[in-house]
Every structure is written in structure tokens, then in C-alpha cells.
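# Secondary and tertiary structure notes
Here is what each chain is made of, one letter per residue.
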Amino acid sequence: IELSNPNLKVGLFCSPHVASFRERMQVNGELITEQEVVDLLPGIYKLCVDHDIPATFFEITTALAFQFYSARGTDVVVLETGLGGRLDATNVVKAPAISVITSIGLEHTRILGDTIELIALEKGGIIKAGRPVLVGPNVPHAVLRKCAEDKGAGTYYTCNDVLGDPDEALSKSELMD
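Here the structure is a predicted model, which is why all the values come from computation and not from measurement.

### Brief notes about the nonpolar core
If you look at the biggest cluster of nonpolar residues, it comprises 16 residues, and the most contacted ones within it are Ile101, Ile104, Ile127, Val135 and Leu144. Only helix H4 (116-123), strand S6 (133-138) and helix H5 (141-151) provide two or more residues apiece to this core. Here this core gets four residues from one element, more than from any other, and that element is H5.

Okay, here's the thing in C-alpha cells:
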């Protein structure tokens, strides 16, 4: 998929929202409309009632997002996980184009674990078999590489693999001065 294509419909799912719930779901920067929320939510609630699904706020929001992207005919969607990875509602996507783990800090320790390594294992839950993974610099790479290996993931990329070594780029620019 050529992401620079101006005709491409790109969805974005992120959380939390700052000023409006509608910020969480966008296509090409356009927020889901109030009417789309009103039109799509009843069907999701009905499914939850009919199938006795005790869905959380985030799970209902994720289902709404998927319905919204389908209705808008998006070509590609960037999904930000909510709390972790392994048990996150967005993790229903079985074959993402790529999984990205930007950084890992000591957050949500009551739920995800009390060490960076335990949190990394939870966040590594988004890594899929045969699919590439891109990880940021502030992660326990040994833990995530092992997770990727155990899952039979595709290529494990770091930021340096994609952007190059920043120290090397700096030394080259210093040589040019």
C-alpha cells in the first residue's frame, strides 16, 4: 500500500481522547461524526445483549471503530492498543501489516506487571506469527526478540534498522563540515 497516495483512506484509532470522544476514530484526519456514533452504537449494544457479552468501554469503543472504518471503506488503519497488548481489544486483528511497540515504561503495573520485562511480555502480545515487528529504542530487546522468536514472527526491526544509526549519521555530517 502506497501511504503517500492522496486517494488512500487511512483510519486512526487512538486513546485516550483529549477534548472529544470522537477524536479516537478518524479517517484522513476527519473525526467520526456524532451521527455515525448514534447510528453504529445500537448494533454493538444489541450484539452484547444478545450474546451476553459484558464488554468494557474500550471493547465497545474498539467495536465502534471497526464498524466506522468498514462503513467509511478505509484502505488501512493504524490501531493503537489501549492498556497493553496481549489482552487488548485491538488484538483481534490476526494478520496486521506490522506490529509496532514504541516504548515501554512502568505504567499500569497493577495490571501488566511490576517490571519492564513483565510489561514487555504483555505488550509483546501484539506480535503475530509471520508478521514483522518494529520496536523503539526504549524497550527490553532481549525479551521482545524472544517473544517474536517464540511466536514465529516475521522480521524484527529496530528504529536503527529503519532510520539508520543516529551516531553514525551525526559523525558523517560532522565530517562534511
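### Looking at the pattern of salt bridges
Overall, the coordinates contain six salt bridges when judged by the stated rule. Close ionic contact of arginine 86 with glutamate 122 constitutes a salt bridge, the shortest N to O distance being 3.1 Å. With a gap of 36 residues between them, arginine 86 in the loop between strand S4 (76-79) and strand S5 (99-103) and glutamate 122 in helix H4 connect regions that are remote in the sequence. Residue classification places arginine 86 among the partly exposed residues on the basis of a relative accessible area of 44%. Note on glutamate 122: relative accessible area 16%, which makes it buried.

### What to know about a nonpolar patch on the surface
Residues Ile98, Val100, Tyr157, Val162 and Leu163 make up a contiguous nonpolar surface patch of about 470 Å² in total accessible area. Mapped onto the fold, tyrosine 157 is located in strand S7 (residues 156-158).

### Observations concerning helix H2 (residues 57-72)
The α-helix advances 3.6 residues per turn, and as a result positions three or four apart in sequence lie on the same side. Under the 1.5 Å per step criterion, the end-to-end length of H2 is 22 Å for 16 residues, consistent within 8% with the ideal 22 Å. Taken residue by residue, H2 has Phe58, Ile60, Thr61, Thr62, Leu64, Ala65, Phe68, Tyr69 and Arg72 as its buried positions. Following H2 by one or two positions, glycine 73 has its phi on the positive side, about 65°.

### Notes on the environment of isoleucine 127
Structurally, isoleucine 127 can be placed in the loop between H4 and S6. Separated by 26 residues in sequence, isoleucine 127 and isoleucine 101 have C-alpha atoms that sit 9.1 Å apart. Setting aside residues up to four positions removed in sequence, isoleucine 127 forms contacts with Ser99, Ile101, Val133, Leu144, Cys147, Ala148, Lys151 and Ala153.

### Section: the packing of helix H1 (residues 34-50) against H2
Where H1 contacts H2, the two axes come as close as 10 Å, and the packing angle between them is 120°. On the basis of their axis angle, the class for H1 and H2 is oblique. Where H1 crosses over H2, the two elements pack in a sense that is right-handed. Packed against H1, whose contacting residues are Glu36, Val37, Leu40, Leu41, Ile44 and Tyr45, the element H2 presents Ile60, Ala63, Leu64, Gln67, Phe68 and Arg72 at the interface. Along the lines of polarity and charge, the residues of the contact of H1 with H2 split into nine nonpolar, one polar and two charged.

### Details of H5
Taken residue by residue, H5 has Val143, Leu144, Cys147 and Ala148 as its buried positions. Down the axis of H5, the sector holding all buried residues measures 130°, keeping them to one side. In H5, the exposed positions that point more than 90 degrees away from the buried face belong to Ala142, Glu149 and Asp150. Buried residues along H5 sit against S5, H4, S6 and S7. Following H5 by one or two positions, glycine 152 has its phi on the positive side, about 70°.

Rules behind the numbers
- Residues numbered from 1 in each chain as written.
- Predicted model: local features only at pLDDT ≥ 70, side-chain atom pairs only at ≥ 80, totals over all residues.
- Heavy atoms only, no water.
- Core = buried A, V, L, I, M, F, W, Y, C linked by side-chain atoms within 4.5 Å.
- Buried < 20%, exposed > 50% of the residue type's maximum accessible area, 1.4 Å probe, protein only.
- Helix = DSSP H or I, 4+ residues; strand = E, 2+ residues; numbered from the N terminus.
- Salt bridge = Lys/Arg side-chain N within 4 Å of Asp/Glu carboxyl O.
- Patch = residues over 30% accessible without salt bridge, like charges linked within 9 Å, V, L, I, M, F, W, Y side chains within 5 Å.
- Areas by Shrake-Rupley, 256 points an atom, 1.4 Å probe, with all protein chains shown as cover.
- Expected span 1.5 Å × (residues − 1).
- Contact = heavy atoms within 4.5 Å.
- Axes fitted to C-alpha atoms, helices over the stretch in contact; angles between N-to-C directions.
- Parallel < 35°, antiparallel > 145°, perpendicular 65-115°, else oblique.
- Left-handed = near helix turned anticlockwise from the far one by under 90°.
- Nonpolar A, V, L, I, M, F, W, Y, C, P; charged D, E, K, R; others polar.
- Arc of directions from axis to C-beta.

Keep in mind that these numbers describe shape and distance, not what the molecule does.
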